[in-house]
Amino acid sequence: MVPVRSLDDLMETAHGYQRSMALFAALKLGIFSALARGGAGAAAVARRVGADRRRLAVLLNGLTAMGLLRKTGGRYRNGEVAASFLVGGPRSKTSILLHQGDCWRDWSRLEETVRGGRKERPLGGDEQENFIRGMEDNARERAAHVAAKFRLRPGERLLDLGGGPGTYAVAWARRYPRAAVTLFDTRGTLRITRRILDEKGAFGVVRLIEGDFLADPIGGPYDFIWISHILHAFSEKDCRALLRKARRAVVAGGRVAVQEFLVDEGGASPPGPAFFSVHMVAVTEGGRAYSAREVAGMLRAAGFGKTAFAGSDPRGVGIVTARA
Ligand SMILES: C[S@@+](CC[C@H](N)C(=O)[O-])C[C@H]1O[C@@H](n2cnc3c(N)ncnc32)[C@H](O)[C@@H]1O
């Protein structure tokens, strides 16, 4: 995130939503996918996506000004970033971007939320699909590294708590086929998870348990519980209750690892996690980003032993581990 240090930065920040909305509209209209079939003029793109030609031509020029499209002699084609990330395929970020677009509704009411007058809005059907597939977009590259870092011995039982699309669970199950990998998530999410596993040819490699991890038992015993990008959506009280439940479900000597966008002490840096924390205030009832020290404290309070933290990556994602 670029800090605001000048009047130009201030104006750029104020206009930032217009760029976001142009991107989301283009994604929903299917402009990048339409152009993946070949470069075209505004009239042809309007026909391909079913839009008003005059207005679409203006949007295409705006997207060109943003660098997402290239324009030569009246014909548009996808720029490098659009061709890499906005047209599907293994590097796609389409779902996570559509999810960001869905969150716009919550962000537009941030003032009211901060005043304390708004409850969390449940995600609708398409929104839940964008959210869960978006988690896959986020985790796709990282999951293999995580699975390599946290080895599983034959017979070891891993729980991916709130495992969403199953990106991490599948990476472990494929790398350590003699381990037993379980993913716990809500009914609504698992409906999507099953489709994703099917698409990846991974149906059956991971055991699925359906439930609400705050209200229901989470199964067990497990040798290792992986809790990735869960705590930030919940209040400290709920996080503590969830970690106590995890502690009861893990065997003595077993492991827990909590992956999060981690803020520094005080919460105002680094910029990515500090601003992600605002996002959590916008979209959840009690969530915010926690610091590594806060996560470690909550783990110890839940009954886990000595914690370890090896630092965050450049995006501010870090993992706090502990033994039971
Ligand atoms: C931000 S996603 C993280 C997904 C995955 N762990 C990852 O890191 O890619 C949060 C996940 O927690 C799940 N979740 C949220 N509340 C839950 C609850 N009360 N019980 C079970 N799962 C829940 C959501 O359905 C979603 O899959």
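For the structure itself, consult the block above.
So, here is what we can say about the structure in this document. Not measured: the values here are computed from a predicted model. Just so you know, the residues in each chain are numbered from 1, in the order the chain's sequence is written. In keeping with the predicted nature of the model, local features appear solely for residues at pLDDT of at least 70, side-chain atom pairs appear and are counted solely at 80 or more, and the whole-chain, interface and lining totals rest on all residues. As a rule here, side-chain values cover all heavy atoms of the structure and leave hydrogens and water aside.

**What to know about the packing of helix H6 (residues 94-107) against helix H8 (residues 125-149)**
Helix packing for two helices is described by the angle between their axes and how far apart those axes are.
Part 1: Every angle, taken between N-to-C directions, lies between 0 and 180 degrees, and every axis is a line fitted to C-alpha atoms, over only the stretch in contact when it is a helix. Helix and strand assignments come from DSSP, with helices taken as H or I runs of at least 4 residues and strands as E runs of at least 2, each series counted from the N terminus. Packing of H6 against H8 leaves a shortest axis separation of 7 Å and a crossing angle of 135°. When the axes of H6 and H8 are compared, the pair comes out oblique. The two elements H6 and H8 meet at a crossing, and its hand is left-handed. Taken together, the residues of H8 that come into contact with H6 (itself represented by Thr94, Ser95, Ile96, Leu98, His99, Asp102 and Arg105) are Glu127, Asn130, Phe131, Arg133, Gly134, Met135, Asp137 and Asn138.
Part 2: Polar here means any residue outside two lists: the nonpolar Ala, Val, Leu, Ile, Met, Phe, Trp, Tyr, Cys and Pro, and the charged Asp, Glu, Lys and Arg; Gly therefore counts as polar. Here the residues of the contact of H6 with H8 sort into 4 nonpolar, 6 polar and 5 charged. Here roughly perpendicular refers to angles of 65 to 115 degrees, roughly parallel to angles under 35, roughly antiparallel to angles over 145, and oblique to all remaining angles. Should the near helix be turned counterclockwise from the far one by less than a right angle, the crossing is left-handed, whereas a clockwise turn marks it as right-handed. Residues count as neighbours in contact if any of their non-hydrogen atoms are within 4.5 Å of one another.

**Re the state of the cysteines**
Part 1: Criterion for a disulfide: a pair of cysteine sulfur atoms within 2.5 Å. Here the structure, examined in full by the defined rule, presents 0 disulfides.
Part 2: No disulfide involves Cys103; its sulfur sits 19 Å from the nearest other cysteine sulfur, which is in Cys239.
Part 3: The buried category is assigned to Cys103, whose relative accessible area is 4%. Residue burial is assigned from relative accessible area. The probe radius is 1.4 Å, only protein chains are included, and a residue is buried under 20% of its type maximum, exposed over 50%, and partly exposed in between.

**Concerning the site of the ligand**
Part 1: Here, proximity means that at least one heavy atom of the residue falls within 4 Å of the molecule or strand. Taken together, 17 residues lie near the ligand, and Gly162, Asp185, Thr189, Phe213 and Ser228 sit nearest.
Part 2: Phe213 places a polar main-chain atom, nitrogen or oxygen, 2.8 Å from a nitrogen atom of the ligand.
Part 3: Polar contacts, as used here, are pairs of N or O atoms within 3.5 Å; protein pairs need one atom able to donate a hydrogen and one able to accept it. Residues neighboring in sequence count only if both atoms are side-chain atoms. Ser228 places a polar side-chain atom, nitrogen or oxygen, 2.6 Å from an oxygen atom of the ligand.
Part 4: A 1.4 Å probe and the Shrake-Rupley method give the accessible areas. Residues count as covered only by the protein chains that appear here. Protein coverage of the free-state accessible area of the ligand, which is 590 Å², stands at 89%.
Part 5: Looking at the shell around the ligand element by element, the count peaks at 3 residues for H8.
Part 6: Across the shell around the ligand, the residue classes tally to 7 nonpolar, 8 polar and 2 charged.

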